Amino acid sequence: MASLDFEAIRKAYPSAVTINDSTGAFDASGNAISLTQSDIDAARVTLDAEAAATLYQRQRTGEAFTTDTIYLPVADQLDMQYWDSVNGTTTWKDHVAAVKAKYPKPS
C-alpha cells in the first residue's frame, strides 16, 4: 500500500482512529474503513485552502518557521506600550505595523 495522507484521511473520515501505511485505516472498534481516493483528495484540497487562508497568521507569530519580523511575546509588547506611554514614542505601533506590512492579511 502507498504512503497515506494521514491528515486528509482524518478530515475525510472522522471515525478513523488508527491509520497505518501498510494496513489502512480503522475505527475505534478496529473495523477497517474503506478509503476512497477522491474523498481523501477533496479533504486535502480543503486542508490546503484552510492552511493558505491562515498562513499570514502563522507567519506573523513564527509558527510558519519565519524568524524575522514576527510579533514579540505579549510581555514584551506590553513593556513597549508602557515605555511608549512614558516616553511619548510609538515603538509598539511601529513594531505591529512592520509585522503586518511584511505579512499582510489576504483580501
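Here, the structure is the one placed above.
Residues numbered from 1 in each chain as written. Predicted model: local features only at pLDDT ≥ 70, side-chain atom pairs only at ≥ 80, totals over all residues. Heavy atoms only, no water.

Asker: Whenever I open this one, the packing of helix α4 (residues 74–87) against helix α5 (residues 91–102) confuses me. Can you help?
Answerer: For any two helices packed against each other, one specifies the inter-axial angle together with the distance between the axes. Interaxial distance between α4 and α5 falls to 7 Å at its minimum, and their mutual angle equals 135°. With respect to their mutual orientation, α4 and α5 come out oblique. On α5, the residues that touch Q77, M80, Q81 and D84 of α4 are T91, W92, K93, H95 and V96. Residues that form the contact of α4 with α5 fall into these classes: 3 nonpolar, 4 polar and 2 charged. (Axes fitted to C-alpha atoms, helices over the stretch in contact; angles between N-to-C directions. Helix = DSSP H or I, 4+ residues; strand = E, 2+ residues; numbered from the N terminus. Parallel < 35°, antiparallel > 145°, perpendicular 65-115°, else oblique. Contact = heavy atoms within 4.5 Å. Nonpolar A, V, L, I, M, F, W, Y, C, P; charged D, E, K, R; others polar.)

Asker: Explain the sheet that holds strand β2 (residues 24–26) to me, please; I cannot follow it from the model alone.
Answerer: Adjacent strands of a sheet form backbone hydrogen bonds with each other and so pair up, either parallel or antiparallel. Read across the sheet, 3 strands follow the order β1-β2-β3 without closing on themselves; strand pairing throughout is antiparallel. Unpaired on one side and paired on the other, β1 (18–20) and β3 (32–33) mark the two borders of the sheet. Strand direction decides the pairing type here: β1 and β2, joined by 3 bridges, are antiparallel. Residue pairing in the sheet places T18 in a bridge with F26 of β2. (Pairing = 2+ DSSP bridges.)

Asker: How should a nonpolar patch on the surface be read in this particular structure?
Answerer: A grouping of Y82, W83 and V86 is seen on the molecular surface, where their side chains present a nonpolar patch of about 320 Å² in accessible area. Among the secondary structure elements, Y82 is positioned in helix α4. (Patch = residues over 30% accessible without salt bridge, like charges linked within 9 Å, V, L, I, M, F, W, Y side chains within 5 Å. Areas by Shrake-Rupley, 256 points an atom, 1.4 Å probe, with all protein chains shown as cover. Salt bridge = Lys/Arg side-chain N within 4 Å of Asp/Glu carboxyl O.)

Asker: Is there a simple way to explain the nonpolar core in this structure?
Answerer: In globular proteins that are soluble, nonpolar side chains generally tend to be buried together. Grouped together as the largest cluster of nonpolar side chains are 11 residues: L4, A8, I9, Y13, A16, I19, A25, I33, I40, A43 and L47. Only α1 (6–12) and α2 (37–53) provide two or more residues apiece to this core. Element by element, the count of residues in this core is highest for α2, at 3 residues. With residues up to four places along the chain from it excluded, the contact list for L4 reads I9, I19, N20, D21 and G24. (Core = buried A, V, L, I, M, F, W, Y, C linked by side-chain atoms within 4.5 Å. Buried < 20%, exposed > 50% of the residue type's maximum accessible area, 1.4 Å probe, protein only.)

Asker: It is not clear to me how unusual backbone geometry should be interpreted in this structure. Could you clarify?
Answerer: Note on backbone geometry: most residues besides glycine have negative phi, and most peptide bonds are trans. Even without a glycine there, the phi angle at F65 is positive, about 65°. Note on placement: F65 falls in the loop between α3 (55–61) and α4. Residue class for F65 comes out exposed when judged on its relative accessible area of 76%. Residues other than glycine seldom take positive phi values, yet T69 does so here, at roughly 50°. Along the chain, T69 turns up in the loop between α3 and α4.

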